[in-house]
Amino acid sequence: MDIFKREKGFTLYELLISMALTAVILALAAPSFQSLVERNSLSVEATKILSLLSYVRAEAIKRNSSVSLCPSLNGLECDSGSSWMDGWIVFSDQAKSGELDHENDRVLRVGEPVTAGYILYSTKHQQWFGYRSDGVSVGSSGSGNTSFVICRPEGLIEGSRVVVSITGRPRFASGLDGKLCEASSG
């Protein structure tokens, strides 16, 4: 029998020190991880907007006709009292007016409201936005250049924009560029 034989395992003191160090490390990493999760969620929402605008532009070019999208509460008609956060309708716009005419226009896609907690608005075109047959953007306020802003008012990170140039090309832009993240902004 060896009196210097040591038992395997941790002492209570070693366990408490390990737990304290783990708690400190987790406390330091949690905000960073939370910011990473929020940045990823915001990126997903911005990608949805970019792909929607790319789809509308591609449909206009493919159909050789104007295609528009408008905010909609019910997915059946454009609603000037609603915002882009409430949902939307993509439709062929034969009259090039941004108004859905069920006799002449065809609904191509209906979108759900944005994910809870996010705000989405256009900096220029609140009523409707679309593309002509040549892929150039147009909207309810004239020329088509605009930004679609997506953000969270209580978020850890600033937000994101999908910028549409006057020629119609949508692209990502980070940050809000001085824009506000408020529900009343759009």
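Residues numbered from 1 in each chain as written. Predicted model: local features only at pLDDT ≥ 70, side-chain atom pairs only at ≥ 80, totals over all residues. Heavy atoms only, no water.

Asker: Tell me about the overall build of the protein, and please be specific about residues and values.
Answerer: Secondary structure summary: the protein contains 1 helix and 10 strands in total. From first element to last, N terminus to C terminus, the protein shows the α and β order α-β-β-β-β-β-β-β-β-β-β. In terms of overall dimensions, the protein is more spread out than a globule: its C-alpha atoms have a radius of gyration of 25 Å, far above the 16 Å expected for 186 residues. Along the first, second and third principal axes, the C-alpha set of the protein runs to 95 × 35 × 30 Å. Counting only residues that meet the buried cut, the protein has 39% of its 186 residues in that class. (Helix = DSSP H or I, 4+ residues; strand = E, 2+ residues; numbered from the N terminus. Rg over C-alpha atoms; globule rule 2.2 N^0.38 Å. Buried < 20%, exposed > 50% of the residue type's maximum accessible area, 1.4 Å probe, protein only.)

Asker: Report on a nonpolar patch on the surface, specifying residues and quantitative values.
Answerer: Among the surface-exposed residues, Phe10, Leu12, Leu15, Leu16 and Met19 lie close enough to one another that they form a single nonpolar patch of about 590 Å² accessible area. Take Met19: it is sitting in helix α1 (residues 12–63). (Patch = residues over 30% accessible without salt bridge, like charges linked within 9 Å, V, L, I, M, F, W, Y side chains within 5 Å. Areas by Shrake-Rupley, 256 points an atom, 1.4 Å probe, with all protein chains shown as cover. Salt bridge = Lys/Arg side-chain N within 4 Å of Asp/Glu carboxyl O.)

Asker: Could you give me a rundown of the sheet that holds strand β4 (residues 119–122), with the residues and numbers involved?
Answerer: Judged by pairing direction, the sheet is antiparallel, and its 4 strands sit side by side in the order β4-β8-β9-β10 without closing on themselves. What marks the edges here is a single partner per strand, and that holds for β4 and β10 (170–174). Adjacent strand axes in the sheet meet at a mean angle of 20°, parallel and antiparallel pairs treated alike. Bridge count between β4 and strand β8 (residues 146–151): 4 bridges; the pairing is antiparallel. Across the sheet, Ile119 pairs through a bridge with Cys151, a residue of β8. Packed onto the sheet, α1 meets β4, β8, β9 (160–164) and β10 and runs at close to 160° relative to β10. (Pairing = 2+ DSSP bridges. Axes fitted to C-alpha atoms, helices over the stretch in contact; angles between N-to-C directions. Contact = heavy atoms within 4.5 Å.)

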